[in-house]
Amino acid sequence: ILDSRSGSFVYRMISARNLPLIVAVILLLGGGVWLLEKAERQARDTTRKHHLQDIEQSLYFARSINGTYPPYAQTSWCGFMNDPNNRDVRDQLQDALRQQNEQYANPAKPFPDDPRNGQDYFYWKRSPSTFELYAMLENEDTNERNSFNCSNASNQYFDYGLASIERHHKGNIIEAPL
C-alpha cells in the first residue's frame, strides 16, 4: 500500500533505515511514563508516612491531656479511621490533631486520609499506654503488619506502621516511636 516512488512522509519514516530511531523513541516514551508513575507512587507513600507521623503526635498529645489514647472510655480498640462506625474515635483523634498541630488548626483542613481512594489508615489502641498506626504503601510491598486479631475490622495486610513505646527515665514517662 505504501508506494516508495511517491516519496510520502509516512513511507520515509517507516523505512528500515529509521526503524531503530522509531523503536528508541517508543522506548524512551514508555520509560518516561513508567518513571512518572513510579514518582507519583513514591509521593503518595511519602504523604502516607507524614500523615501517620501527624496522627502519632496527636495521639501523644491526647494521652498527655487525658491519660490514655482515644477512645478514652475503652482500654483497647482497633479499626479503620474512615469506617463510618468508627466516627466517634476519629472525632477524638481529630480534636487532638487540631489542638496539637497548627497545620490542622483550620477546621477547613481535612483529617489526614490516604491519598488513594479505597485505602484507609488503621489505628490500634493495644492498651491505655500503647498504640499502633498502619498504612498500605505502593512501592514497598512487605505485608509485615496486619489487622487479623482485630474484631472491629476486616483482615488486611499493611506495609508500614508506627508503634508507641513507653519508657521510664528518672520517674518520668518518656514516649518514643519504635
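First, a word on scope: everything that follows refers to the structure included in this document. A quick note: this is a predicted structure, and the numbers were derived from the prediction, not measured.

In strand 1 (residues 77–80), alternate side chains face the same way, and those of Trp 77 and Gly 79 on one face and Cys 78 and Phe 80 on the other are all buried. Taken together, the four bridges between strand 1 and strand 2 (residues 122–127) define a ladder with antiparallel strand orientation. Residue pairing across strands places Trp 77 opposite Lys 125, the latter belonging to strand 2.

With that out of the way, let us pick up the pairing of strand 2. Burial analysis of strand 2 places five of its six residues in the buried class, the great majority of the element. Bridge analysis of strand 2 against strand 3 (residues 130–135) gives five bridges, and the strand direction is antiparallel. In the strand pairing of strand 3, Lys 125 is matched with Phe 131. Hairpin remark: strand 2 followed by strand 3, antiparallel, with two residues in the connecting loop.

Turning next to the state of the cysteines. Per the counting criterion, the structure on display carries one disulfide. In this model, Cys 78 is linked to Cys 150 through a disulfide, with the two sulfur atoms separated by 2.0 Å. The S-S bond linking Cys 78 to Cys 150 shows a torsion near 105°; that makes this disulfide right-handed. Placement of Cys 78 in strand 1 and of Cys 150 in the loop between strand 4 (145–146) and strand 5 (157–158) is noted, with a sequence separation of 72 residues between them. We note that Cys 78, like Cys 150, is buried.

What follows concerns the packing of aromatic side chains. Enumeration over the complete set of coordinates arrives at eleven aromatic pairs. With a centroid separation of 5.8 Å and 40° between ring planes, the pair formed by Trp 77 and Tyr 123 is classed as tilted. Note that Trp 77 is positioned in strand 1 and Tyr 123 in strand 2, a separation of 46 residues in sequence. Tyr 123 carries the same exposure label as Trp 77, and that label is buried. Judged by centre distance (5.1 Å) and plane angle (70°), the rings of Phe 80 and Phe 122 are edge-to-face. Separated by 42 residues along the polypeptide, Phe 80 in strand 1 and Phe 122 in strand 2 bring together distant segments of the chain.

Reading guide: rules and limits
- Within every chain, residues take consecutive numbers counted from 1 along the sequence as written.
- Restriction of local features to residues with pLDDT of at least 70 applies here, the model being predicted, together with a cutoff of 80 or more for giving and counting side-chain atom pairs; totals for whole chains, interfaces and linings are based on all residues.
- Computation of side-chain values: all heavy atoms of the structure, hydrogens and water removed.
- Only protein chains enter the accessibility calculation, which uses a 1.4 Å probe. A residue is then buried if its area is under 20% of the maximum for its type, exposed if over 50%, and partly exposed in between.
- Labels follow the DSSP assignment, with helices taken as runs of H or I lasting at least four residues and strands as runs of E lasting at least two, numbered in each case from the N terminus.
- Should DSSP find at least two bridges between two strands, the strands are taken to pair.
- Only a pair of cysteine sulfur atoms within 2.5 Å counts as a disulfide in this structure description.
- Side-chain rings of Phe, Tyr and Trp (the six-membered ring for Trp) are treated as a pair once their centres are within 6.5 Å; stacked means planes under 30 degrees apart, edge-to-face means over 60, and tilted covers the remaining angles.

Honestly, it's all geometry; don't read function into it.
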